[in-house]
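# Per-entry structural report
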Amino acid sequence: MHIPGHHRFVILAFLSMLVLAEICWSWRNDKKVYQVKETVTNLLILAGFQVSKVLFAGYQLAIIGLATRMAPFHLPHTWWVFGITFVVADFLYYWFHRISHIWQPLWAFHLIHHSSPLMNLTAAYRLNWFSALVSPVFFVPAALIGLPADFIAVAYGLNLLYQFFLHTEVIGKLGPIEGIMDTPSAHRVHHGSNPLYLDKNFGGVFMIWDRLFHTYQPETEKVKYGLTTGFNSNRPLVLVFHGFRLLFVKKPVD
(Lines give C-alpha, C1' and ligand atoms only; values in the text may rest on other atoms or scores of the structure.)
Protein backbone atom coordinates (compact mmCIF):
# COMPACT_ATOMS: atom_id res chain seq x y z
CA MET A 1 0.00 0.00 0.00
CA HIS A 2 1.60 3.26 -1.10
CA ILE A 3 1.26 6.13 1.35
CA PRO A 4 2.69 9.59 0.50
CA GLY A 5 5.74 10.55 2.55
CA HIS A 6 4.08 13.30 4.60
CA HIS A 7 1.15 11.01 5.42
CA ARG A 8 3.54 8.31 6.58
CA PHE A 9 5.23 10.84 8.86
CA VAL A 10 1.89 11.86 10.40
CA ILE A 11 0.90 8.22 10.98
CA LEU A 12 4.30 7.40 12.48
CA ALA A 13 4.13 10.44 14.78
CA PHE A 14 0.63 9.48 15.94
CA LEU A 15 1.59 5.86 16.62
CA SER A 16 4.74 6.99 18.44
CA MET A 17 2.64 9.25 20.68
CA LEU A 18 0.41 6.29 21.55
CA VAL A 19 3.45 4.19 22.44
CA LEU A 20 4.79 6.96 24.69
CA ALA A 21 1.37 7.31 26.33
CA GLU A 22 1.28 3.55 26.96
CA ILE A 23 4.78 3.66 28.47
CA CYS A 24 3.64 6.43 30.84
CA TRP A 25 0.52 4.42 31.75
CA SER A 26 2.64 1.33 32.44
CA TRP A 27 5.11 3.29 34.60
CA ARG A 28 2.48 5.21 36.59
CA ASN A 29 0.45 2.07 37.28
CA ASP A 30 3.44 -0.25 37.76
CA LYS A 31 2.15 -2.59 35.04
CA LYS A 32 5.63 -3.54 33.76
CA VAL A 33 4.43 -4.11 30.20
CA TYR A 34 7.62 -2.53 28.83
CA GLN A 35 11.24 -3.59 29.17
CA VAL A 36 14.04 -1.60 27.56
CA LYS A 37 15.72 -4.52 25.78
CA GLU A 38 12.40 -5.91 24.59
CA THR A 39 11.28 -2.54 23.23
CA VAL A 40 14.57 -1.91 21.44
CA THR A 41 14.33 -5.39 19.91
CA ASN A 42 10.81 -4.68 18.67
CA LEU A 43 11.88 -1.38 17.13
CA LEU A 44 14.86 -2.98 15.38
CA ILE A 45 12.61 -5.71 14.00
CA LEU A 46 10.20 -3.02 12.80
CA ALA A 47 13.04 -1.20 11.02
CA GLY A 48 14.05 -4.39 9.24
CA PHE A 49 10.44 -5.08 8.33
CA GLN A 50 10.12 -1.65 6.72
CA VAL A 51 13.18 -2.38 4.59
CA SER A 52 11.76 -5.75 3.59
CA LYS A 53 8.49 -4.13 2.49
CA VAL A 54 10.44 -2.05 -0.02
CA LEU A 55 12.49 -5.01 -1.21
CA PHE A 56 9.48 -7.27 -1.74
CA ALA A 57 6.98 -4.69 -3.00
CA GLY A 58 7.57 -5.58 -6.66
CA TYR A 59 7.13 -9.29 -5.96
CA GLN A 60 3.87 -8.68 -4.09
CA LEU A 61 2.47 -6.47 -6.85
CA ALA A 62 3.47 -9.06 -9.46
CA ILE A 63 1.58 -11.85 -7.65
CA ILE A 64 -1.64 -9.83 -7.27
CA GLY A 65 -1.23 -8.29 -10.73
CA LEU A 66 -1.02 -11.73 -12.36
CA ALA A 67 -4.16 -12.86 -10.55
CA THR A 68 -5.95 -9.67 -11.58
CA ARG A 69 -5.14 -10.31 -15.24
CA MET A 70 -6.52 -13.83 -14.91
CA ALA A 71 -9.84 -12.63 -13.47
CA PRO A 72 -12.83 -13.22 -15.80
CA PHE A 73 -14.24 -9.77 -14.94
CA HIS A 74 -13.22 -6.65 -13.03
CA LEU A 75 -15.36 -4.79 -10.53
CA PRO A 76 -15.37 -0.96 -10.59
CA HIS A 77 -13.65 1.40 -8.17
CA THR A 78 -16.68 2.30 -6.07
CA TRP A 79 -17.30 2.61 -2.34
CA TRP A 80 -19.42 -0.54 -2.24
CA VAL A 81 -16.74 -2.55 -4.03
CA PHE A 82 -14.21 -1.32 -1.50
CA GLY A 83 -16.57 -2.41 1.29
CA ILE A 84 -16.76 -5.89 -0.23
CA THR A 85 -12.98 -5.93 -0.67
CA PHE A 86 -12.44 -5.03 2.97
CA VAL A 87 -14.68 -7.87 4.20
CA VAL A 88 -13.20 -10.39 1.73
CA ALA A 89 -9.66 -9.37 2.70
CA ASP A 90 -10.48 -9.91 6.37
CA PHE A 91 -11.95 -13.33 5.58
CA LEU A 92 -8.81 -14.32 3.67
CA TYR A 93 -6.64 -12.91 6.44
CA TYR A 94 -8.48 -15.13 8.92
CA TRP A 95 -7.47 -18.25 6.97
CA PHE A 96 -3.94 -16.99 6.32
CA HIS A 97 -3.57 -16.35 10.05
CA ARG A 98 -5.15 -19.62 11.12
CA ILE A 99 -3.07 -21.73 8.75
CA SER A 100 0.03 -19.84 9.94
CA HIS A 101 -0.60 -21.30 13.39
CA ILE A 102 -1.25 -24.90 12.42
CA TRP A 103 1.10 -25.52 9.47
CA GLN A 104 4.78 -25.59 10.39
CA PRO A 105 6.16 -23.90 7.23
CA LEU A 106 3.95 -20.84 7.77
CA TRP A 107 4.45 -20.92 11.53
CA ALA A 108 8.14 -20.47 10.76
CA PHE A 109 7.27 -16.98 9.50
CA HIS A 110 4.67 -16.16 12.16
CA LEU A 111 6.39 -17.49 15.28
CA ILE A 112 8.30 -14.25 15.87
CA HIS A 113 5.07 -12.33 16.42
CA HIS A 114 4.17 -14.55 19.39
CA SER A 115 7.63 -14.72 20.90
CA SER A 116 7.36 -11.75 23.25
CA PRO A 117 6.34 -12.41 26.87
CA LEU A 118 4.93 -8.87 27.00
CA MET A 119 1.87 -7.27 25.44
CA ASN A 120 2.34 -3.70 24.31
CA LEU A 121 1.95 -1.61 21.18
CA THR A 122 5.53 -2.14 20.00
CA ALA A 123 4.93 -5.91 19.97
CA ALA A 124 2.41 -5.34 17.17
CA TYR A 125 5.25 -4.90 14.71
CA ARG A 126 7.29 -7.88 15.83
CA LEU A 127 6.93 -9.25 12.31
CA ASN A 128 9.03 -11.54 10.17
CA TRP A 129 11.04 -9.75 7.52
CA PHE A 130 10.21 -12.45 4.96
CA SER A 131 6.44 -12.66 5.51
CA ALA A 132 5.88 -10.70 2.30
CA LEU A 133 6.96 -13.82 0.41
CA VAL A 134 3.85 -15.72 1.48
CA SER A 135 1.16 -13.18 2.39
CA PRO A 136 0.17 -12.09 -1.16
CA VAL A 137 -0.57 -15.69 -2.16
CA PHE A 138 -3.50 -15.79 0.26
CA PHE A 139 -5.08 -12.71 -1.33
CA VAL A 140 -5.01 -14.09 -4.87
CA PRO A 141 -8.65 -15.29 -4.57
CA ALA A 142 -9.75 -11.68 -4.01
CA ALA A 143 -8.11 -10.65 -7.29
CA LEU A 144 -9.51 -13.67 -9.14
CA ILE A 145 -13.10 -12.63 -8.31
CA GLY A 146 -12.50 -9.23 -9.87
CA LEU A 147 -11.71 -7.04 -6.86
CA PRO A 148 -9.30 -4.21 -7.75
CA ALA A 149 -5.67 -4.89 -6.85
CA ASP A 150 -5.20 -1.48 -5.24
CA PHE A 151 -8.33 -1.99 -3.12
CA ILE A 152 -6.93 -5.33 -1.93
CA ALA A 153 -3.63 -3.69 -0.96
CA VAL A 154 -5.35 -0.85 0.90
CA ALA A 155 -7.79 -3.21 2.66
CA TYR A 156 -4.94 -5.43 3.86
CA GLY A 157 -2.91 -2.41 4.95
CA LEU A 158 -5.83 -1.03 6.95
CA ASN A 159 -6.39 -4.47 8.46
CA LEU A 160 -2.82 -4.56 9.78
CA LEU A 161 -2.99 -0.94 10.95
CA TYR A 162 -6.16 -1.72 12.91
CA GLN A 163 -4.41 -4.59 14.63
CA PHE A 164 -1.73 -2.25 15.97
CA PHE A 165 -4.29 -0.83 18.40
CA LEU A 166 -5.17 -4.31 19.69
CA HIS A 167 -1.77 -5.02 21.23
CA THR A 168 -2.35 -3.41 24.59
CA GLU A 169 -3.46 -4.04 28.15
CA VAL A 170 -4.63 -0.45 28.60
CA ILE A 171 -8.10 -1.20 27.26
CA GLY A 172 -10.32 -3.75 28.98
CA LYS A 173 -13.34 -5.50 27.53
CA LEU A 174 -15.55 -3.44 25.23
CA GLY A 175 -18.97 -4.82 26.05
CA PRO A 176 -21.33 -5.65 23.17
CA ILE A 177 -18.71 -5.51 20.42
CA GLU A 178 -16.75 -8.39 21.99
CA GLY A 179 -17.18 -11.40 19.74
CA ILE A 180 -18.15 -9.20 16.79
CA MET A 181 -15.06 -7.04 16.28
CA ASP A 182 -11.51 -7.92 17.15
CA THR A 183 -10.70 -6.06 20.36
CA PRO A 184 -7.68 -5.75 22.66
CA SER A 185 -9.29 -8.33 24.94
CA ALA A 186 -9.83 -10.80 22.08
CA HIS A 187 -6.32 -10.24 20.79
CA ARG A 188 -4.77 -10.74 24.23
CA VAL A 189 -6.40 -14.16 24.14
CA HIS A 190 -4.84 -14.81 20.73
CA HIS A 191 -1.38 -14.08 22.15
CA GLY A 192 -1.92 -16.30 25.17
CA SER A 193 0.06 -19.51 25.70
CA ASN A 194 -2.55 -20.71 28.21
CA PRO A 195 -3.99 -24.06 27.03
CA LEU A 196 -7.46 -22.46 26.95
CA TYR A 197 -6.26 -19.74 24.60
CA LEU A 198 -4.14 -21.68 22.10
CA ASP A 199 -5.15 -21.23 18.44
CA LYS A 200 -8.05 -18.87 19.10
CA ASN A 201 -9.26 -15.50 17.76
CA PHE A 202 -7.60 -15.35 14.32
CA GLY A 203 -9.69 -12.54 12.84
CA GLY A 204 -8.00 -9.28 11.90
CA VAL A 205 -10.87 -6.80 12.21
CA PHE A 206 -13.92 -9.05 12.67
CA MET A 207 -14.54 -11.89 15.09
CA ILE A 208 -17.44 -13.21 13.03
CA TRP A 209 -15.14 -15.69 11.25
CA ASP A 210 -13.97 -17.08 14.57
CA ARG A 211 -17.59 -17.43 15.66
CA LEU A 212 -18.50 -19.11 12.39
CA PHE A 213 -15.57 -21.55 12.43
CA HIS A 214 -15.56 -22.17 16.21
CA THR A 215 -12.22 -20.55 17.07
CA TYR A 216 -13.57 -17.73 19.23
CA GLN A 217 -12.58 -17.57 22.89
CA PRO A 218 -13.40 -14.68 25.27
CA GLU A 219 -10.82 -13.53 27.81
CA THR A 220 -11.65 -15.29 31.08
CA GLU A 221 -8.34 -16.02 32.82
CA LYS A 222 -5.12 -14.03 33.11
CA VAL A 223 -3.15 -14.26 29.89
CA LYS A 224 0.35 -15.69 29.84
CA TYR A 225 2.07 -14.30 26.75
CA GLY A 226 4.78 -15.86 24.62
CA LEU A 227 5.49 -19.24 23.10
CA THR A 228 4.57 -22.46 24.88
CA THR A 229 8.25 -23.46 24.76
CA GLY A 230 9.23 -20.31 26.63
CA PHE A 231 11.68 -19.33 23.87
CA ASN A 232 12.52 -15.65 23.59
CA SER A 233 15.50 -13.57 22.58
CA ASN A 234 16.52 -9.93 22.39
CA ARG A 235 18.48 -10.49 19.18
CA PRO A 236 16.41 -9.61 16.09
CA LEU A 237 18.23 -11.99 13.74
CA VAL A 238 17.73 -14.89 16.15
CA LEU A 239 14.01 -14.13 16.36
CA VAL A 240 13.57 -13.69 12.60
CA PHE A 241 15.27 -17.00 11.76
CA HIS A 242 14.23 -19.11 14.76
CA GLY A 243 11.13 -20.51 13.06
CA PHE A 244 13.13 -21.53 10.00
CA ARG A 245 15.74 -23.18 12.22
CA LEU A 246 12.98 -25.25 13.81
CA LEU A 247 11.85 -26.30 10.34
CA PHE A 248 15.35 -27.49 9.53
CA VAL A 249 15.75 -29.49 12.72
CA LYS A 250 12.17 -30.77 12.39
CA LYS A 251 10.93 -29.72 15.79
CA PRO A 252 7.16 -29.54 16.44
CA VAL A 253 5.09 -26.37 16.32
CA ASP A 254 5.53 -24.29 19.47
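Scroll up to find the structure.
Residues numbered from 1 in each chain as written. Predicted model: local features only at pLDDT ≥ 70, side-chain atom pairs only at ≥ 80, totals over all residues. Heavy atoms only, no water.

This paragraph deals with the pattern of salt bridges. Applying the stated rule across the entire model yields three salt bridges. With its nearest N and O atoms 3.0 Å apart, the salt bridge here joins Glu38 to Arg126. Placement of Glu38 in helix 2 (residues 36-70) and of Arg126 in the loop between helix 4 (104-110) and helix 5 (140-144) is noted, with a sequence separation of 88 residues between them. Per residue, the accessibility class of Glu38 equals that of Arg126, and both read buried. (Salt bridge = Lys/Arg side-chain N within 4 Å of Asp/Glu carboxyl O. Helix = DSSP H or I, 4+ residues; strand = E, 2+ residues; numbered from the N terminus. Buried < 20%, exposed > 50% of the residue type's maximum accessible area, 1.4 Å probe, protein only.)

For the rest of this paragraph, the subject is unusual backbone geometry. Of note in this structure, Asp30 is not a glycine but carries a positive phi near 55°. With respect to the element layout, Asp30 can be found in the loop between helix 1 (5-28) and helix 2. Phi angles above zero are rare outside glycine, and Asp199 is one such case at about 55°. Among the secondary structure elements, Asp199 is positioned in the loop between helix 7 (184-190) and helix 8 (208-212). Take Asp199: its relative accessible area is 36%, and that puts it in the partly exposed class.

Let us look at the layout of surface pockets. Here the second largest pocket defines a volume of roughly 240 Å³. As for the second largest pocket, its lining consists of Lys31, Lys32, Val33, Pro117, Leu118, Met119, Glu169, Arg188, Glu219, Lys222, Val223 and Tyr225. (1 Å grid on protein atoms, 1.4 Å probe; cavity = no way out; pocket = protein on both sides within 12 Å on 5 of 7 lines; lining within 4 Å. Points joined across faces, edges and corners; volume = space filled by probe spheres on them.)

This part takes up the environment of Met70. When you line up the elements, Met70 lands in helix 2. Here Met70 falls in the exposed class, since its relative accessible area comes to 56%. As a C-alpha pair, Met70 and Ala143 span 73 residues in sequence and 8.4 Å in three-dimensional space.

Its 16 residues give helix 6 (residues 149-164) an end-to-end C-alpha distance of 23 Å, which sits within 8% of 22 Å, the value for a rise of 1.5 Å per residue. What helix 6 keeps buried is the set Phe151, Ile152, Ala155, Tyr156, Gly157, Asn159, Gln163 and Phe164. (Expected span 1.5 Å × (residues − 1).)

Take empty space enclosed by the protein next. Gaps between atoms show up when a probe of the same size as a water molecule is rolled over them. With the rule as written, the count across this model stands at one cavity of 30 Å³ or more. By volume, the largest cavity amounts to about 40 Å³. Taken together, His113, Ser116, Leu118, Met119, Ala123 and His191 make up the full set of residues lining the largest cavity. Of the residues assigned to the lining of the largest cavity, the class counts are three nonpolar, three polar and no charged. (Nonpolar A, V, L, I, M, F, W, Y, C, P; charged D, E, K, R; others polar.)

The next thing to look at is the environment of Ala47. Within the fold, Ala47 resides in helix 2. Along the sequence, Ala47 and Met181 sit 134 residues apart, while their C-alpha atoms lie 29 Å from each other.

What follows deals with the packing of aromatic side chains. The description of an aromatic ring pair uses the distance of the two centres, along with the angle that the planes make with each other. In the structure shown here, the tally under the stated rule is 20 aromatic pairs. Following the ring pairs from residue to residue traces out a cluster consisting of Phe91, Tyr94, Trp95, Phe202, Trp209 and Phe213. (Phe/Tyr/Trp six-rings, centres within 6.5 Å; stacked < 30°, edge-to-face > 60°.)

This paragraph deals with the nonpolar core. In globular proteins that are soluble, nonpolar side chains generally tend to be buried together. Membership of the largest hydrophobic core comes to 25 residues, with the highest contact counts inside it found for Phe139 and Ile152. No other element matches the seven residues that helix 3 (residues 79-102) contributes to this core. With residues near it in sequence (within four places) discarded, Phe139 still touches Ile64, Ala89, Leu92, Tyr93, Ile152 and Tyr156. (Core = buried A, V, L, I, M, F, W, Y, C linked by side-chain atoms within 4.5 Å. Contact = heavy atoms within 4.5 Å.)

For helix 3, built from 24 residues, the straight-helix expectation of 34 Å at 1.5 Å per residue is met to within 8% by its first-to-last C-alpha distance of 35 Å. Among the residues making up helix 3, those that are buried are Val81, Thr85, Phe86, Ala89, Asp90, Leu92, Tyr93, Tyr94, Phe96, His97, Ser100 and His101. Close packing links the buried residues of helix 3 with helix 4, helix 5, helix 6, helix 7 and helix 8.

Interpretation in functional terms is not warranted from these geometric data alone.
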